[in-house]
Amino acid sequence: MSFYETVDKITADAGIRVKANSLEELFCKALLATFNEITDIEKVPPKEEKLLQVSGELPYLLADLINLAIVYHDAEGFVASKCEPIEVRHDFALIKLYGDNYDPQKHEPKLVIKAATYHDLIVERQGDLWVAQVIFDI
């Protein structure tokens with residue numbers, strides 16, 4: 001997948017960097033990139049829906065949103081392959097994720113992500129684009 005890049009300059013953790021035209025697109029790309037680091041999301045059908053709602057301030061709002069998605073993954077095995085922003089502001093996000101339960105027989109495991117951290121967390125406008133960087137505790 002080419003909608004994000006990995007952050008490679010870190011030794012013990014993993015990370016992603018995404019660029020988008022809007023904050024809504026940025027949040028969805030970051031969520032999908034997170035799940036794509038867990039397994040290949042192109043092989044995950046959008047069968048189930050999960051609603052994520054988080055309040056907070058940028059850039060922490062994005063890490064908190066990703067961590068809520070990771071809770072669904074840890075508790076229920078949910079993996080998202082599609083994202084629909086319902087309402088995204090600088091202090092609030094309501095996002096609908098579509099995906100399926102993780103099945104090691106069908107979905108090749110990649111990373112085990114424990115959490116998105118606040119370390120080197122970036123959500124900012126750079127020219128015409130929104131840019132995000134998230135470092136994961138793995």
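What you see is a predicted model; the values in this text were computed from it and never measured. (Residues numbered from 1 in each chain as written. Predicted model: local features only at pLDDT ≥ 70, side-chain atom pairs only at ≥ 80, totals over all residues. Heavy atoms only, no water.)

Section: the sheet that holds strand β5 (residues 92-101)
What counts is decided by this rule: Strands are labelled as partners when DSSP assigns at least two bridges between them. For the purposes of this entry, the term helix denotes a DSSP run of H or I that reaches at least four residues, the term strand denotes a run of E that reaches at least two, and both are numbered from the N terminus. For helices, the fitted line uses only the C-alpha atoms of the stretch in contact; every axis is such a line through C-alpha atoms, and the angle between N-to-C directions lies from 0 to 180 degrees. Should any heavy atoms of two residues lie within 4.5 Å, those residues are counted as being in contact.
If you trace the three strands from one edge of the open sheet to the other, you get β3-β5-β4, paired in antiparallel fashion. This sheet does not close on itself; its edge strands, each paired only once, are β3 (48-55) and β4 (78-88). Each adjacent strand pair in this sheet contributes to an overall mean axis angle of 25°, direction not counted. Taken together, the eight bridges between β3 and β5 define a ladder with antiparallel strand orientation. Following the sheet pairing, serine 55 is matched in β5 by phenylalanine 92. Seen against the sheet, helix α1 (residues 23-38) touches β3, β4 and β5 and runs at an angle of roughly 165° to β4. Lying over the sheet, helix α2 (residues 60-76) contacts β3, β4 and β5, oriented at roughly 145° with respect to β3.

Focus: the packing of α1 against α2
Which entries qualify depends on this criterion: Put simply, angles under 35 degrees are roughly parallel, angles over 145 are roughly antiparallel, angles from 65 to 115 are roughly perpendicular, and the rest are oblique. Handedness of each helix crossing follows the sense of rotation of the near helix against the far helix: counterclockwise by less than a right angle gives left-handed, clockwise gives right-handed. All amino acids are sorted into three groups, where Ala, Val, Leu, Ile, Met, Phe, Trp, Tyr, Cys and Pro are nonpolar, Asp, Glu, Lys and Arg are charged, and the leftover types, Gly among them, are polar.
Between α1 and α2, the least distance of the axes is 10 Å, while the angle of their chain directions is 40°. Between α1 and α2, the crossing angle belongs to the class labelled oblique. Crossing angle aside, the handedness with which α1 passes α2 is right-handed. Along its contact with α1, which presents Phe27, Ala30, Leu31, Thr34, Phe35 and Ile38, the element α2 presents Leu61, Leu62, Leu65, Ile66, Ala69, Ile70 and His73. Of the residues belonging to the contact of α1 with α2, the class tally is 11 nonpolar, two polar and no charged.

Limitation: the analysis is restricted to geometry and does not speak to function.
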